[in-house]
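What follows is each chain in one-letter form.
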Amino acid sequence: MSKFWSNLAKQATPYVPGEQIDDEEILKLNTNENPYAPSSYVLEAISQELGGNLRLYPSPTVDQLREVMGEYYQLEKECIFVGNGSDEVLALSFMAFFNPGQMIRFPNITYSFYPVYAQQFQIPYEEVPIKDDFTLNPIDFYESEGGVIFPNPNAPTSLALPIEEVENIVKNNPNNVVIIDEAYVDFAKQTAVPLIKKYPNILIVQTTSKSRSLAGLRVGYALGNPNLIQALNRMKDSFNSYTMDRLAIAGAIASFQDDLTIKENVTKIINTRKWVTEALRELGFQVLPSETNFIFATHPKYLAKTLYERLKQAKILTRHFPNPLISHYLRVSIGTNQEMEQFLNQLQEIMENLSPINEKKQ
Ligand SMILES: Cc1ncc(COP(=O)(O)O)c(C=O)c1O
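Residues numbered from 1 in each chain as written. Predicted model: local features only at pLDDT ≥ 70, side-chain atom pairs only at ≥ 80, totals over all residues. Heavy atoms only, no water.

I would appreciate a short explanation of the sheet that holds strand S9 (residues 286-287) in the present structure.
Note: strands within a sheet are paired through backbone hydrogen bonds, in either parallel or antiparallel orientation. Judged by pairing direction, the sheet is antiparallel, and its three strands sit side by side in the order S9-S10-S12 without closing on themselves. The open sheet terminates on both sides in strands that have one partner only, identified here as S9 and strand S12 (330-333). Relative to S12, strand S10 (residues 294-298) runs antiparallel, the two sharing four bridges. Paired with phenylalanine 296 across the two strands is arginine 331, which belongs to S12. Of the strands in this sheet, S9 and S10 are in contact with helix H9 (residues 259-282), which crosses S10 at around 10°. (Pairing = 2+ DSSP bridges. Helix = DSSP H or I, 4+ residues; strand = E, 2+ residues; numbered from the N terminus. Contact = heavy atoms within 4.5 Å. Axes fitted to C-alpha atoms, helices over the stretch in contact; angles between N-to-C directions.)

It is not clear to me how the nonpolar core should be interpreted in this structure. Could you clarify?
Ranked by size, the top nonpolar core spans 52 residues in total, and within it Leu65, Phe150, Val166, Ile202 and Leu223 carry the most contacts. Of all the elements, helix H8 (residues 246-257) adds the most residues to this core, at six residues. Residues lining this core come from more than one domain, with at least three contributed by each of domain 1 (20-36 + 260-361) and domain 2 (40-257). For isoleucine 202, the contacting residues outside a window of four places in its chain are Val170, Val178, Ile180, Ala192, Leu195, Ile196, Leu223, Gly224, Asn225 and Leu228. (Core = buried A, V, L, I, M, F, W, Y, C linked by side-chain atoms within 4.5 Å. Buried < 20%, exposed > 50% of the residue type's maximum accessible area, 1.4 Å probe, protein only. Domains from an automatic or database assignment.)

Can you walk me through the UniProt feature "modified residue: N6-(pyridoxal phosphate)lysine" (unreviewed entry) in the protein in this structure?
UniProt records the feature "modified residue: N6-(pyridoxal phosphate)lysine" (unreviewed entry) for Lys210 in the present numbering. Tracing the sequence through the fold places lysine 210 in the loop between strand S7 (202-207) and strand S8 (220-224). Separated by 3.4 Å, the side chain of lysine 210 and the backbone oxygen of threonine 31 make a polar contact. (UniProt positions renumbered as here; feature names shortened; annotations may be inferred. Polar contact = N/O pair within 3.5 Å; in protein donor to acceptor, adjacent residues only side chain to side chain.)

Printed below as a string of structure tokens:
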């Protein structure tokens with residue numbers, strides 16, 4: 001900190017992303033990236049875009065991509081906003097729909113970027129306790145003062161709220177925007193997208209980072225009533241007109257034109273999730289029924305933090321959260337079958353060399 005910093009810079013409490021260690025030998029199961037390469041059409045489209053046109057600014061309205069996405073989601077392009085990763089779309093949404101002085105609500109266990117945005121934009125927030133089984137109680141989100149945001153499926157719990165309950169929350173906040181962060185929805189049973197045509201106050205935020213294997217391209221988007229999309233554009237154009245670069249636009253268009261590769265990869269991940277869940281249960285873990293590309297698991301006899309540390313020593317990165325409500329859980333992204341076998345073998349070896357009771361007493 002220094003005298004040169006603005007008050008905004010001094011007061012910020014930045015989000016801490018999962019570790020990105022530059023080591024080829026590390027098995028990364030800590031940031032819910034997709035283990036499979038993006039579609040070859042995406043790579044081809046990006047390489048075709050590499051050329052003289054890079055001297056030109058990209059389209060500020062990203063019309064071509066929004067049209068292709070419109071076909072995919074069966075929505076008018078006026079219902080679609082695209083940004084530099086869904087983190088940026090979420091930040092702009094906080095600015096566009098929530099107000100300083102009006103209390104918003106999100107679950108007490110959720111994506112840890114929400115409190116960061118709320119503090120940055122001086123929006124008061126209530127962290128609504130989730131139930132003992134880690135599910136949300138929908139009624140607790142009714143009639144909010146300033147709006148609601150939650151991921152569905154939730155992160156890091158991996159659990160999804162049934163769509164009827166999502167609808168009830170939207171219905172019971174008629175004067176406020178309800179933002180559903182569907183970063184992991186392609187690994188789940190249901191999306192809330194059909195609710196857009198019924199309610200003017202639902203905004204759905206999704207990303208190409210997970211199911212589409214494009215975390216490195218930074219393409220996120222919001223789907224909602226044109227009136228909400230207009231507010232997002234006002235915020236973006238008061239900040240940076242060109243958030244989407246030419247390569248990202250070209251890659252994302254190709255991704256939405258190739259649904260087959262994504263469906264194949266998602267199916268593979270869901271199948272891997274299934275057997276890893278069973279294998280962990282056989283090792284004595286309690287594993288929440290995941291609808292995402294990660295699992296959230298706890299063991300009654302071993303400390304999650306110790307397991308996280310031992311796995312890290314063995315060059316396997318998982319995620320452990322210090323929040324006491326979930327500090328006994330380990331979050332593990334789903335990799336390929338081979339990677340998950342490596343993870344399970346290592347985990348078993350670690351557990352065999354740890355004394356369960358002493359460990360728990362520490
Ligand atoms: C719930 C949730 N929302 C949003 C994001 C941000 O995704 P991106 O900025 O890569 O689109 C993440 C990333 O892990 C997430 O877990």
